Protein chains: 4
Amino acid sequence: MTKKLKVATIGGGSSYTPELIEGFIKRYDEFPLTELWLVDIEAGKEKLEIVGNLAKRMIKKAGLDIRVELSLDREEALKEADFVTTQFRVGLLEARKKDERIPLKYDVIGQETNGPGGLFKGLRTIPVILDITRDMERLCPDAWLINFTNPAGMVTEAVLRYSNIEKVVGLCNVPIGIEMGVSKLLDVDHSRIRIDFAGLNHMVYGLNVFLDGENVTEHVVEKLTDPKQTSFVKNIEGIGYDPSFIRALGVLTCPYHNYYYKHRDMLEKQQKEADEQGTRAEVVSKLEKELFELYKDDTLDIKPPQLEERGGAYYSDAAVRLITSIYNDKRDIQPVNTRNNGAIASIPDDSAVEISSVITKDGPKPIAIGDLPVAVRGLVQQIKSFERLSAEAAVTGDVDLAVLALSINPLTPSDTVAREIVDEMMEAHKDHLPQFFNK
Amino acid sequence: MTKKLKVATIGGGSSYTPELIEGFIKRYDEFPLTELWLVDIEAGKEKLEIVGNLAKRMIKKAGLDIRVELSLDREEALKEADFVTTQFRVGLLEARKKDERIPLKYDVIGQETNGPGGLFKGLRTIPVILDITRDMERLCPDAWLINFTNPAGMVTEAVLRYSNIEKVVGLCNVPIGIEMGVSKLLDVDHSRIRIDFAGLNHMVYGLNVFLDGENVTEHVVEKLTDPKQTSFVKNIEGIGYDPSFIRALGVLTCPYHNYYYKHRDMLEKQQKEADEQGTRAEVVSKLEKELFELYKDDTLDIKPPQLEERGGAYYSDAAVRLITSIYNDKRDIQPVNTRNNGAIASIPDDSAVEISSVITKDGPKPIAIGDLPVAVRGLVQQIKSFERLSAEAAVTGDVDLAVLALSINPLTPSDTVAREIVDEMMEAHKDHLPQFFNK
Amino acid sequence: MTKKLKVATIGGGSSYTPELIEGFIKRYDEFPLTELWLVDIEAGKEKLEIVGNLAKRMIKKAGLDIRVELSLDREEALKEADFVTTQFRVGLLEARKKDERIPLKYDVIGQETNGPGGLFKGLRTIPVILDITRDMERLCPDAWLINFTNPAGMVTEAVLRYSNIEKVVGLCNVPIGIEMGVSKLLDVDHSRIRIDFAGLNHMVYGLNVFLDGENVTEHVVEKLTDPKQTSFVKNIEGIGYDPSFIRALGVLTCPYHNYYYKHRDMLEKQQKEADEQGTRAEVVSKLEKELFELYKDDTLDIKPPQLEERGGAYYSDAAVRLITSIYNDKRDIQPVNTRNNGAIASIPDDSAVEISSVITKDGPKPIAIGDLPVAVRGLVQQIKSFERLSAEAAVTGDVDLAVLALSINPLTPSDTVAREIVDEMMEAHKDHLPQFFNK
Amino acid sequence: MTKKLKVATIGGGSSYTPELIEGFIKRYDEFPLTELWLVDIEAGKEKLEIVGNLAKRMIKKAGLDIRVELSLDREEALKEADFVTTQFRVGLLEARKKDERIPLKYDVIGQETNGPGGLFKGLRTIPVILDITRDMERLCPDAWLINFTNPAGMVTEAVLRYSNIEKVVGLCNVPIGIEMGVSKLLDVDHSRIRIDFAGLNHMVYGLNVFLDGENVTEHVVEKLTDPKQTSFVKNIEGIGYDPSFIRALGVLTCPYHNYYYKHRDMLEKQQKEADEQGTRAEVVSKLEKELFELYKDDTLDIKPPQLEERGGAYYSDAAVRLITSIYNDKRDIQPVNTRNNGAIASIPDDSAVEISSVITKDGPKPIAIGDLPVAVRGLVQQIKSFERLSAEAAVTGDVDLAVLALSINPLTPSDTVAREIVDEMMEAHKDHLPQFFNK
Ligand SMILES: [Mn+2]
Ligand SMILES: [Mn+2]
Ligand SMILES: [Mn+2]
Ligand SMILES: [Mn+2]
């Protein structure tokens, strides 16, 4: 008789789900999943059906004995789960559009994980995540929460500070994307590359790059100063850093660093794109519709290649890799969002950081790096402060804190603009911010 | 017979000198100065004569037996000095004009202690200061270096890290200005107010305000949310922070915080002023000329009231207060730039911070504050990183480091703009940057 | 009309009280006390009467208008007090005798503030102190708790960790005793000496000695290597450290350090004294009887000189000095037990340390020292661990923790001896350890 | 053609060498050694011949193509080495006998890695190790130094602080011994156990025990409270800790902790053994003679089973495991002595700690643990202080520092006894302490 092994995926109706399914199929040998519960809310029922049926066909084709349940009942889904993954989006793409459009009106970056968009996505998401953790305490106290939901750093911080569960890991595909980019840059297989990552979610740095164990950081950095070399991670078109900057920085940045180190250019680019082709949410919205049309085809029984264009490459794959390592106590090194525990000196022990960690059955164990390079310590600290204040605002419903959080964000031009944006976005997202309105 | 007590003032020809003289006269009972050496460079000889003669008249009028020496020979002046004060300006106001004008061309704040201006003033000043410390080692190894020269935080950092002298204090009139502003706000005498200051030079926060020893911080913060209340420190016209921001921040800011928390407004303001009335250096240049005209009048034997408009109120007075407390081992509390020594947790022990310290004969002893509030920790860390990289660039003459320092500064819109500004300013200040050009 | 200024002294029947009274009389100009409540328990009623009447005669003689109340009702005494001082002894000298005698049976130091005696005095005292803090929350929430009761470090740690009041200072006469000793050693007036103290209660080090503000530490250390020089603080007869040890240590020790750095000698000395003249409690017991005989004399209206032999010189005086500085926001430097707040790097921020602090109306503000010298950092950390575990045992009534606390104490020869001593002392002090017995 | 892979073993004539050889044979597939240089000094020539010939026979029997060189020329041996292992003993067993016998005369523990013996072994060994590192800089700058030589913690500290090489790892068999002990206790295969180790060499704690990845620490701790359970690591006969102590401590100790937590018993035991059967060095001396008799037998071509009684089980095996993981960038977790780098909060970043680390080609990367439990933090800090002062004394030849180091060691009864022991041992080891005598 097989031992039950249950995963519950909150936001199961997401267009990403086929990638997750593919991940489970690929790693079935190591992770013998018996039950997969895809949970969604009433409003997402139709999508859940479509993607859920595709999931069933994929598993059937793979010839695996995994029970797939589609459910609107979160409690039932969580019951005795071994792993809970979250990939939901409070307010759906409609909310994301607002996160992207409204700030642009104030000449401020509109992005769903940084600046005003990140703040408001956090304010909407954190109460829901904390609700889930309360359910988990009751229904599956030993389960691991694997959080994909953005802003993943802020959400992990909130779970660490304001929930009673300790088994939480935040996950992002940015580090694996950087590894892939470096592999390509050096024209070697991905498996030969290891990078010491440290920082925060969407603000992670590659401190050292190893090729077959040899430190080749300087060589990689030098290659990045080549003007023909553009940003090497998909989804964010390369803009190219100044060679002096790259050389003196001496570590790898992530694509989201563009918002900070190329603030002015990114703002112009966003404004142009918003005018010409729509914001990212608007583009994705269209892509998603097409994807769901594809998914409906009941002869389709694999992950359709078009999904890759949706972004989020490696995301779900990374998730299953993480889950597998926890399940098997693999002790391999993966970059995850976890409790700092002293690994980065200038960040509090009890804050979330994104850092290369040994993945054990007892969770990720971050590898101590001493401290971040002087040049990046300040920005990281600043975003951590932003995350902490945002999480506190999300939990308390204190609008002053929301204004403060946004005012200290480096993408914000002033406290008064912060105030105006908060006011407009608070109103726009009213339905998903009960903590601020129903006091 | 009187015991010799000698002060050497580097940059003695400064228009501020009469205030310093007034300070020495006022505190003569406690600080029985016997020799004051005003030193300047050849190019400043004329001003030195003018201001030096005024100094002599002021002292004569006060009936004090203080020998005033005007000298172009720094070594002679430093010999056996007990205190060395620095108030020189490498490149004079001409250089400052460039620090203010050039960045504005790139839509970047032009200011002599922050952003590009701060960086280049540091690059010009630090080698000279380190040269002075080398002279001091030889000529007056027991003397205290009291540094007024801006950017005072960066300069103090550089002396702590790159010189062999330990007796250095950086000084700024901003904290005393805040105290004065709070006294006025509460309509009480200055002596009844004490503020716990912590942060960096031109980035200092008032963490707690005490009136007759009672903590009245909340009350003061509340008063600051009053829209009729404007910035309460002279020289920087009030713009008024958003009440939510003030309340949630919960601590006092300094005027220079406007550059960060009101970045967009300050840039517009600077651009407008530069167009309409000239930059600050240009205004000051005119003021200085008028002042020196006044100083020439050999019937003048007091500090002329017009000096106050020059800015720098309390500056020299603060300096003499500090010197007097060191000399007399007074153990009173003053806010100064000194070695952190663990007083602020998230700043390295060996970095300079601006912090309320007990002033003893053995120097300032910072009072431990634990850590800065979460909301301000990041910005402070970021400016500290900027200061450290700038100081390192000043010492090594490494242009990559200069580009990096400017790129990570929160006032800079991108690494490429940083690069362009560095290139233009490097060329503009070429004569005062031998470490970059004569390698 | 005079403003009410009320002090409540818990354990008012102590033989020390006349010194406290003398302190209040001396500093009446600065601290215009209007009401002094001497509180004690039923068992101490007689002593309270005797010492209370002496107190009244002393105040009368001084011609001051201070109302002295003798009371067995702690609540009434605490009501609206401005300062609460504690000098009680749970179990009286009888308990102290056990603290001193029982360990000696196991060839272990018997002393009321260190080792087994310190542990058990803590276990008896902490619940009572926490009870008082709960009363204070209700009855005088703005009052300062000035704790003399030993073990003062452990008690302060317990109040900081386990009570809701923040206004607590622990006080000891050891630092002032060291200052007096150094003054004598240098043959100068006490007022000319300042010492940077840092460490823990009864484990405090003098890191730097200043004479008229000049650092004379090396000179003082050199003098201490003189074999003719013995320990310079009263009550603990000098044994003389090895000159190499003194020189390499480079800082001043306190008399209680003998228990650690001269462990074997101190144990032999204690055993000899216990046999020949009785333990300290037994000697003091006799002294106290004589003192109370003196106190009964109703012509006596000053502090009798014989009190000085009782030990505790400067104790109450130090207390009134501290109270006066808080009351007047004096901002002078005094060594006290207070929240570390980052002042000593290797001790947690929220732990109690004994450290030179600026005394303000808002309480003591410790001066940052960076970290303790390498040579003393370990012992201090070890005693802090002992204090923390002991306090936790006192609060939880967990005997395992008491065994652990004693086992890790450097005066304990083994865990099994710790166990035996805990068992015997637990039984001996049963009546005063309800948390362990009435579970 | 095979790639050269060269190991140099300083102290190659050690009786342990056959175990090292066995290790290289076992792991030849992963670590294709081509040259093994066994180096020793003139005085050890005979032993080197004997053990070296056995080594050659062992390798011949294994049918491997490894060139074994016996050499008295350290420089030649180090030239282009890939790994350097050290297992020498300055002064041979004669010196160890003194380390064990002399302290006992003062009723002080005589042991070669703790207390006076540890100090003097450090004073003799550190200059030699630093000499080796200087040779390495010149002759094999890319090689890793794998140090077995005791006191391994102090030696690693000294290399980190006083040499120019960074590639150093200290190694001890204690952690692996604990793992073996726990496996036996739980009656499971060693491979199923993982323990989070943290602390210092010979003062390491097992913070968490995992069986198949599940945290079973509480269960293991509970088993250890069983009075029938004795110390589970070979070589140190079990004495049995008090159950309360074990339970409240909550982590695993190492055998050497007996010297601290059972100080009195261990001293008595040592004194009894010294009288009855000789000190450990004296016993080992006899064992070694027998071993070398065995080794001489030129029909012997395997590691003789009698070697296991010599102690040091797993030692060389652990070394080859470590070397193999570095060579292959294995990224498995092993407990080693390495730079702390923030992994343990209360120990400086640049100090050596013994801690579970990921072993990469770039060296060990310690896993962050936050901080040690309160109960053990103090003792660890104290031994770290002892190690640092001892290392400084070894480098400077400052006898005051040696006295201080020994005085603060918890095994020392007083500074004056420390002084006497230092004087006697300094004289006894004179020939191996040139830094103290030839100044
Ligand atoms: Mn992401
Ligand atoms: Mn200033
Ligand atoms: Mn005391
Ligand atoms: Mn070992």
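Criteria and thresholds
- Residues numbered from 1 in each chain as written.
- Chains lettered and ligands numbered in written order.
- Predicted model: local features only at pLDDT ≥ 70, side-chain atom pairs only at ≥ 80, totals over all residues.
- Heavy atoms only, no water.
- Helix = DSSP H or I, 4+ residues; strand = E, 2+ residues; numbered from the N terminus.
- Rg over C-alpha atoms; globule rule 2.2 N^0.38 Å.
- Buried < 20%, exposed > 50% of the residue type's maximum accessible area, 1.4 Å probe, protein only.
- Lys, Arg positive; Asp, Glu negative; His and termini not counted.
- Charge placed at Lys NZ, Arg CZ, Asp CG, Glu CD.
- Donors = N, O, S within 2.8 Å, 3.2 Å for Na, K, Ca; no water.
- UniProt positions renumbered as here; feature names shortened; annotations may be inferred.
- Contact = heavy atoms within 4.5 Å.
- Phe/Tyr/Trp six-rings, centres within 6.5 Å; stacked < 30°, edge-to-face > 60°.
- Least-squares fit on C-alpha atoms with pLDDT ≥ 70 in both.
- Salt bridge = Lys/Arg side-chain N within 4 Å of Asp/Glu carboxyl O.
- Buried area = accessible area lost by both parts, 1.4 Å probe.
- Polar contact = N/O pair within 3.5 Å; in protein donor to acceptor, adjacent residues only side chain to side chain.
- Nonpolar A, V, L, I, M, F, W, Y, C, P; charged D, E, K, R; others polar.
- Core = buried A, V, L, I, M, F, W, Y, C linked by side-chain atoms within 4.5 Å.
- Axes fitted to C-alpha atoms, helices over the stretch in contact; angles between N-to-C directions.
- Parallel < 35°, antiparallel > 145°, perpendicular 65-115°, else oblique.
- Left-handed = near helix turned anticlockwise from the far one by under 90°.
- Pairing = 2+ DSSP bridges.

1. A closer look at the overall build of chain A
Along the backbone of chain A there are 17 helices and 12 strands. Relative to a compact globule of 439 residues, whose C-alpha radius of gyration would be 22 Å, chain A shows 21 Å and is just as compact. Seen through its C-alpha atoms, chain A measures out along the principal axes to roughly 60 × 55 × 45 Å. Each of the 439 residues in chain A was classed as buried or not, and the buried ones make up 65%. Side-chain charges of chain A comprise 55 positive and 70 negative groups, with the mean position of each set lying 2 Å from the other.

2. Remarks on the coordination of the manganese ion (ligand 1)
Residues and elements named next belong to chain A. The protein atoms that coordinate the manganese ion (ligand 1) are C172 (SG) and H202 (NE2), at distances spanning 2.2 to 2.4 Å. On the criterion of sequence distance, the pair formed by C172 in the loop between β6 (168-170) and α7 (174-186) and H202 in the loop between β7 (193-200) and β8 (203-211) is long-range, its members being 30 residues apart. Judged on exposure class, the residue C172 and its partner H202 are both buried.

3. Let's talk about the UniProt feature "binding site: substrate" (unreviewed entry) in chain A
Residues and elements named next belong to chain A. Following the UniProt record, one finds the feature "binding site: substrate" (unreviewed entry) at R96 and N150. Spatially, the listed residues are clustered: although they cover 55 residues, their C-alpha atoms lie within 11.1 Å of one another. Mapped onto the elements, R96 comes out in helix α4 (residues 92-105). Inspection of the secondary structure assignment puts N150 in the loop between β5 (144-147) and α6 (152-162). Since its relative accessible area comes to 11%, N150 is described here as buried. Those residues in contact with N150, other than ones at most four positions away along the chain, are E112, T113, K121, T125, V155, N201, H202 and Y315.

4. Some details on the packing of aromatic side chains
Scanning all chains against the criterion turns up 32 aromatic pairs over all chains. Both rings, one in C:F31 and one in C:F83, keep their centres 5.7 Å apart while their planes meet at 70 degrees; by these two values the pair is edge-to-face. With C:F31 in the loop between α1 (17-26) and β2 (35-39) and C:F83 in strand β4 (residues 83-86), this pair connects stretches of sequence that are 52 residues apart. For C:F83, a relative accessible area of 3% puts it in the buried group. With a centroid separation of 5.0 Å and 65 degrees between ring planes, the pair formed by D:F245 and D:Y261 is classed as edge-to-face. Of the two residues, D:F245 is situated in helix α9 (residues 243-249) and D:Y261 in helix α10 (residues 258-261); the sequence distance between them amounts to 16 residues.

5. Overview of the relation of the copies chain B and chain A
When chain B is brought onto chain A, the operation consists of a screw motion whose angular component is 180 degrees and whose axial shift is 0.0 Å, with 0.0 Å RMSD remaining. Such a turn and shift between the copies fits a two-fold axis. Comparing interface residues between copies, 100% of those in chain B also lie at the interface in chain A; the contact surface is shared.

6. Some remarks on the pattern of salt bridges
As a working rule, side chains carrying opposite charge can pair if their charged atoms are close by. Taken as a whole and assessed by the stated rule, the structure comprises 148 salt bridges over all chains. Residues D:D135 and D:R138 are paired through a salt bridge, measuring 2.9 Å at the closest nitrogen-oxygen approach. Residue D:D135 and its partner D:R138 are both found in helix α5 (residues 115-139); the two are separated by three residues, about one turn of the helix. For D:D135, a relative accessible area of 10% translates into the label buried. Salt bridges linked by common partners bring A:R74, A:E75, A:D131, A:R134, A:D135 and A:R138 together as one network.

7. Observations regarding the interface of chain B and chain A
Each side of the interface is counted separately: chain B has 39 residues, and chain A has 40 residues. Contact between chain B and chain A buries roughly 3300 Å² in total, counting both sides, with carbon and sulfur atoms accounting for 54%. Of all residues in chain B, the largest losses of buried area upon contact with chain A belong to B:R264, B:V374 and B:D415, amounting jointly to 18% of the total for that side. For the pair chain B and chain A, the number of links is six salt bridges. Its salt-bridge partner being A:D242, residue B:R419 comes within 3.4 Å of it at the nearest N-O pair. Taken together, chain B and chain A are joined by 24 residue pairs in polar contact (both at pLDDT 80 or more). Elements with a minimum of two residues in the side of chain B that touches chain A: α9 (243-249), α11 (263-276), α14 (374-396), α15 (399-408) and α16 (415-428) of chain B. Ranked by residues supplied to the side of chain B that touches chain A, first place goes to α14(B) with 10 residues. Tallied by class, residues from the side of chain B that touches chain A come to 18 nonpolar, 10 polar and 11 charged.

8. A word on unusual backbone geometry
For the bond from A:N150 to A:P151, the omega torsion is -5 degrees, close enough to zero to count as cis. Mapped onto the fold, A:P151 is located in the loop between β5 and α6. Of note in the backbone geometry, D:D107 takes a positive phi value of approximately 60 degrees without being a glycine. With respect to the element layout, D:D107 can be found in the loop between α4 (92-105) and α5. Classification of D:D107 by relative accessible area gives partly exposed; the value is 41%.

9. Quick look at the side chain of B:E112
Residues and elements named next belong to chain B. Within the element layout of this structure, E112 appears in the loop between α4 (92-105) and α5 (115-139). Polar contacts involving the side chain of E112 include one to the side chain of R89, which spans 2.7 Å. Only 3.4 Å separates the side chain of E112 from the side chain of R96, close enough to count as a polar contact. Contact partners of E112, with chain neighbours within four places excluded, come to R89, R96, G117, G118, K121 and N150.

10. Some points on the nonpolar core
The nonpolar side chains of a soluble globular protein tend to be buried, and buried together. Of all hydrophobic cores here, the largest spans 287 residues; its most connected members are A:I146, B:L123, C:L123 and D:I146. B:L123 has contacts with B:S390, B:A393, B:A394, B:A402, B:M426, B:L433, B:Q435 and B:F436, leaving out every residue within four places of it along the chain.

11. As for the packing of helix α2 (residues 45-62) of chain A against helix α12 (residues 280-296) of chain A
Residue and element names in this part refer to chain A. Orientation of α2 relative to α12, taken along the N-to-C sense of each, is 50 degrees, at an axis distance of 9 Å. With respect to α12, the element α2 is oriented oblique. Taken as a pair, α2 and α12 cross one another with a handedness that is left-handed. Of α12, the residues touching α2 (which contributes E46, K47, I50, V51, L54 and R57) are E288, F292, Y295 and K296. Among the residues forming the contact of α2 with α12, the class breakdown is five nonpolar, no polar and five charged.

12. Looking at the pairing of strand β11 (residues 352-360) of chain D
Residue and element names in this part refer to chain D. Taken across its nine residues, β11 has nine buried, putting it largely inside the fold. Burial along β11 is two-sided: the face carrying A352, E354, S356, V358 and T360 and the face carrying V353, I355, S357 and I359 are both buried. Judged from the two bridges that link them, strand β7 (residues 193-200) and β11 form a sheet pairing that is antiparallel. For G199, the partnering residue across the bridge sits in β11 and is E354. Bridge count between strand β10 (residues 332-339) and β11: eight bridges; the pairing is antiparallel. Counted as the bridge partner of V336 is I355 from β11. Sheet topology note: the β11/strand β12 (residues 363-366) ladder contains four bridges and is antiparallel.

13. Quick look at the interface of chain C and chain B
A common way to express how large an interface is: the accessible area buried when the components associate. Taken together, the contacts link 24 residues of chain C with 24 residues of chain B. Together chain C and chain B conceal approximately 1900 Å² of surface at their shared face, both sides included; 52% is due to carbon and sulfur atoms. Note that B:K361 and C:E214 form a salt bridge whose closest N and O atoms lie 3.9 Å from each other. Inspection of the region where chain C meets chain B yields four residue pairs in polar contact (both at pLDDT 80 or more). Counting residues per element, the ones that place at least two in the side of chain C that touches chain B are β9 (214-215), β11 (352-360) and β12 (363-366) of chain C.

14. Comments concerning α1(C)
All names here are of chain C. Counting buried residues in α1 gives seven out of 10 residues, a clear majority hidden from the surface. Within α1, burial applies to T17, P18, E19, L20, I21, G23 and F24. In this fold, the buried residues of α1 make contact with β1 (6-10), β2, α2 (45-62), β4, α12 (280-296) and α13 (315-328).

15. Quick look at the side chain of B:N337
All names here are of chain B. Counting through the fold element by element, N337 comes out in strand β10 (residues 332-339). Accessibility expressed as a relative area gives 1% for N337, which makes it buried. Reaching out from N337, the side chain makes a polar contact with the side chain of E354 at a distance of 2.8 Å. Residue contacts for N337: discarding those within four places in its chain leaves G153, T156, V168, V169, G170, L171, N201, V353 and E354.

16. Details of the arrangement of the chains
Left apart from each other, chain A and chain C have a closest C-alpha approach of 13 Å. At their nearest point, the C-alpha atoms of chain B and chain D are still 13 Å apart, with no contact between the two.

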